[in-house]
Amino acid sequence: MKTMDEFTEDVGDTSFVSVRGGGTRWGLGGSLTEGTNEVEAPKGVINFKPEEMIVRAGAGTKLSTLQNELNDLKQEVALAGFPDSTVGGSLAVGSSSHRRARIGAASDVLLQADCVGADGEQFVAGGPTVKNVTGYDICRLLVSSLGTLALMGVVTLRTRPKPEMGVWLKGELLLEEILRCCYRPASVLHDGHNTFVLIEGYEKDLQKESASLEKLGMSVMEIDPIIPPLVKGALQENLDDGFLDLQTGAVYSNTPQEKVEISEEVKLLSDRIKNNFDPTGRLNPGRRPY
Ligand SMILES: Cc1cc2nc3c(=O)[nH]c(=O)nc-3n(C[C@H](O)[C@H](O)[C@H](O)COP(=O)(O)OP(=O)(O)OC[C@H]3O[C@@H](n4cnc5c(N)ncnc54)[C@H](O)[C@@H]3O)c2cc1C
């Protein structure tokens, strides 16, 4: 595995530079300025501390590799991605799982990031413990920053217990009716016609919850609970638009999002943060996280 020092050397301290992960969201936030040097982050799982529920890995590790290894310990991290996505890319994009209502958001996953800053020097954001409250929470700033503030080399992530099983059900119930039948559904999606509910937990609990929902007209779907809703044939055969997550307000759609209006205040604040972290604009030039 590439060391932090080798990664730092690749990043250097002068040229325009970007980390390439799996490339599955490469254009997000704008195209890179021509001539930008693309580097790769270290790859590989470094260590697990299952009893402390943390894992340390190179940011270039495939998310699927990490999730598979955690699977053996009945744990997972609350990040989502396509098959080639990397841990660093998923954090830089800030992609939460469709199971976010139960397992939490991507912004809560990153405990420590060993980074290279715009000056080409290494720095460590956060700490390797879940309760770590000194100083500014730089880790939360790095999640969703699209690599414009610092480049992550090695990360320590919070893990969580993996549910024994999960079941999708389809019907026409309202959110209130669903919440009366089950404790913290992992996902409640609506496509304008039908409601899709993902319940997770121990088999015995799921049988009870599923029976209550079935009594109210929902039916069990024979699909893998981990498959993201936007994969054709996962929830719907003919998927045109997408789904609204009734619990979190997130929209999952295959159609690119219209430009989101950002207030002047938010733009000013973002520009000030960017200038402080990267005064010469060499990290992911051409990209803006909003
Ligand atoms: C259920 C589900 C939910 C999803 N939710 C979202 C979502 O909410 N929003 C969304 O945009 N996508 C979402 N996706 C898509 C998916 O998360 C991304 O495609 C993936 O995480 C990007 O990883 P990547 O390694 O391919 O990154 P790349 O495409 O390689 O890179 C993306 C960006 O991250 C930067 N980057 C990569 N690695 C690092 C690093 N080590 N340090 C600093 N910067 C780095 C790159 O420079 C680039 O700017 C979702 C996917 C699934 C399955």
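Just so it is clear, the model here is predicted, and its values are computed rather than measured.

### Focus: the site of the ligand
Item 1. If you check the shell around the ligand, you find 32 residues, and the closest are V19, G22, T24, T86 and S95.
Item 2. Within the backbone of G89, an N or O atom sits 3.5 Å from a nitrogen atom of the ligand.
Item 3. Here an oxygen atom of the ligand sits 3.0 Å away from a polar atom, N or O, in the side chain of R287.
Item 4. Every element with two or more residues in the shell around the ligand is listed here: strand 1 (17–19), helix 3 (87–93) and strand 8 (151–158).
Item 5. A total of five residues in the shell around the ligand trace back to one element, the largest contributor, which is helix 3.
Item 6. Of the residues belonging to the shell around the ligand, the class tally is 13 nonpolar, 16 polar and three charged.

### Overview of the layout of surface pockets
Item 1. Here the second largest pocket defines a volume of roughly 350 Å³.
Item 2. Contributing to the lining of the second largest pocket are 14 residues, with R102, P163, E164, G201 and Y202 lying nearest its centre.
Item 3. Those elements giving two or more residues to the lining of the second largest pocket turn out to be strand 9 (160–161), strand 12 (195–201) and helix 7 (203–215).
Item 4. When the residues that make up the lining of the second largest pocket are grouped by side-chain class, the tally is four nonpolar, two polar and eight charged.
Item 5. In terms of domain composition, the lining of the second largest pocket takes at least three residues from each of domain 1 (4–161) and domain 2 (165–253).

### Quick notes on helix 2 (residues 63–71)
Item 1. All buried positions along helix 2 are accounted for by L63, L66 and L70. Viewed end-on, helix 2 has its buried residues packed into an arc of 65 degrees, placing them on one side of the element.
Item 2. Lining the buried residues of helix 2 we find strand 3 (45–49), strand 4 (54–58), strand 5 (75–76), helix 3 and strand 8.

### Thoughts on the pattern of salt bridges
Item 1. By the definition in use, this model includes 14 salt bridges.
Item 2. R56 is the partner of D114 in a salt bridge, and the nearest nitrogen-oxygen pair spans 2.7 Å. In this pair, D114 is assigned in strand 6 (residues 110–116) and R56 in strand 4, connecting sequence segments 58 residues apart.
Item 3. Classification of D114 by relative accessible area gives buried; the value is 9%.
Item 4. Across the salt bridge formed by K62 and D84, the nearest N and O atoms sit 3.1 Å from each other. Taken as a pair, K62 in the loop between strand 4 and helix 2 and D84 in the loop between strand 5 and helix 3 lie far apart in primary sequence, 22 residues in all.
Item 5. Salt bridges sharing common partners tie together E76, R99, R102, R160 and E200.

### Here's the deal with the pairing of strand 12
Item 1. For strand 12, the buried fraction is high: seven of the seven residues fall into the buried class.
Item 2. Side chains T195, V197, I199 and G201 of strand 12 all project onto a buried face; the interleaved residues F196, L198 and E200 project onto the opposite face, where all are buried too.
Item 3. Bridge analysis of strand 10 (residues 165–171) against strand 12 gives seven bridges, and the strand direction is antiparallel. Counterpart to L169 in the pairing with strand 12 is V197.
Item 4. Where strand 11 (residues 187–190) lies against strand 12, four bridges are found, and the strand directions are antiparallel. Bridge pairing in strand 12 places S187 opposite L198.
Item 5. Linkage of strand 11 to strand 12, two consecutive antiparallel strands, is achieved through a turn of four residues, within which G192 is found at a positive phi near 100 degrees.

Parameters at a glance
- Residues numbered from 1 in each chain as written.
- Predicted model: local features only at pLDDT ≥ 70, side-chain atom pairs only at ≥ 80, totals over all residues.
- Heavy atoms only, no water.
- Near = heavy atom within 4 Å.
- Polar contact = N/O pair within 3.5 Å; in protein donor to acceptor, adjacent residues only side chain to side chain.
- Helix = DSSP H or I, 4+ residues; strand = E, 2+ residues; numbered from the N terminus.
- Nonpolar A, V, L, I, M, F, W, Y, C, P; charged D, E, K, R; others polar.
- 1 Å grid on protein atoms, 1.4 Å probe; cavity = no way out; pocket = protein on both sides within 12 Å on 5 of 7 lines; lining within 4 Å.
- Points joined across faces, edges and corners; volume = space filled by probe spheres on them.
- Domains from an automatic or database assignment.
- Buried < 20%, exposed > 50% of the residue type's maximum accessible area, 1.4 Å probe, protein only.
- Arc of directions from axis to C-beta.
- Contact = heavy atoms within 4.5 Å.
- Salt bridge = Lys/Arg side-chain N within 4 Å of Asp/Glu carboxyl O.
- Pairing = 2+ DSSP bridges.

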